[in-house]
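# Structure assessment
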Amino acid sequence: MTPISDDDFEQLLIEFQTESIHLETRDAYGTVVELPHMAQWTAGEPDDLEWLQGWCSTLRDHTAAGKSIRRARIVSEPLSDYQRWSYSIAWPMVDAGEDIRWAPRRLVSSIAMPGNDFYLFDDRLAVFLHYAGNGLGTGKAASTDPADILLCRTAFEAVWKLAIPHHEYQPF
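Residues numbered from 1 in each chain as written. Predicted model: local features only at pLDDT ≥ 70, side-chain atom pairs only at ≥ 80, totals over all residues. Heavy atoms only, no water.

### With respect to the overall build of the chain
Applied cut-off: Secondary structure counts use DSSP, requiring at least four H or I residues in a row for a helix and at least two E residues in a row for a strand, with both numbered from the N terminus. For this analysis, residues touch if any pair of their heavy atoms sits within 4.5 Å. Calculation of accessible area relied on Shrake-Rupley with a 1.4 Å probe; when residues are assessed, cover is drawn exclusively from the protein chains displayed. By the counting rule applied here, Lys and Arg register as positive and Asp and Glu as negative, while His and the ends of each chain are not counted. Taken as the charge centre is NZ of Lys, CZ of Arg, CG of Asp or CD of Glu, depending on the residue.
A tally of helices and strands in the chain yields six helices and eight strands. Counting from the amino terminus, the chain carries its helices and strands in the arrangement β-α-β-α-α-β-α-α-β-β-β-β-α-β. Based on the C-alpha atoms only, the size of the chain along its principal axes is roughly 45 × 35 × 30 Å. Sequence-distant contacts in the chain: of pairs separated by 6 or more residues, those separated by 24 or more amount to 77%. Per element, the accessible surface of the chain, about 8,700 Å² overall, is 55% carbon and sulfur. Placing the 14 positive and 26 negative side-chain charges of the chain at their respective mean positions leaves the two points 6 Å apart.

### A closer look at the nonpolar core
Heads up, the condition is: Put simply, a nonpolar core is a bunch of buried Ala, Val, Leu, Ile, Met, Phe, Trp, Tyr and Cys residues held in one set by side-chain atoms that sit within 4.5 Å of each other. Only protein chains enter the accessibility calculation, which uses a 1.4 Å probe; a residue is then buried when its area is under 20% of its type maximum, exposed when over 50%, and partly exposed in between.
Within the largest apolar cluster, 30 residues are counted, with the highest numbers of intra-cluster contacts made by F9, M93, F121 and V127. Contributions of two or more residues to this core are made by α1 (6–15), α3 (53–64), β3 (68–75), α4 (81–88), β4 (99–104), β5 (117–121) and β6 (125–131). The contacts of V127, once residues within four sequence positions are left out, are I4, F9, L12, D117, F118, Y119, F121, K140, A141 and A142.

### Regarding a nonpolar patch on the surface
Here is the rule we go by: Think of a patch as exposed residues, more than 30% relative accessible area, with no salt bridge, where like charges cluster within 9 Å and nonpolar side chains (Val, Leu, Ile, Met, Phe, Trp, Tyr) cluster within 5 Å. For this analysis, a salt bridge means a side-chain nitrogen from Lys or Arg found within 4 Å of a carboxyl oxygen belonging to Asp or Glu.
Side chains of V32, L35 and L136 sit close together on the surface and give an oily, nonpolar patch of about 270 Å² of accessible area. A relative accessible area of 70% places V32 in the exposed class.

In structure tokens form, the structure reads like this:
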């Protein structure tokens, strides 16, 4: 595996050819971009979600070009505060073309999967996301190893089969 910079990763999110899949397995994250908005939500303050509009525009462009963007979130129930907040802000991304699904952790116990969250781009490149215990990102590693790509594809599709589409999922 090769370390990958944030800038290179951002380019992959824009330049993939046909499909981007993303598996999330943590109950909480601590991204620098998200934390202030989650704090607003926690305080009961409104958020116009303007900060999401660049990503939503990219999603609309991908959808218009016929590209597929799927995200599966494995979550513990009841949801963590982070995942309740994440659920509350997912609609703009879903409306822009990202297919987001929720997989209750109790349903995926027998699925073999990588030890880290990942993106898989066009079945040619896996990017594993590394996090500290508090949810802050610590780095990313890219792999073109066919075994890594197969593991990511197989795990994602197994979770996807059990996951509930965003518009049907009822968090508790």
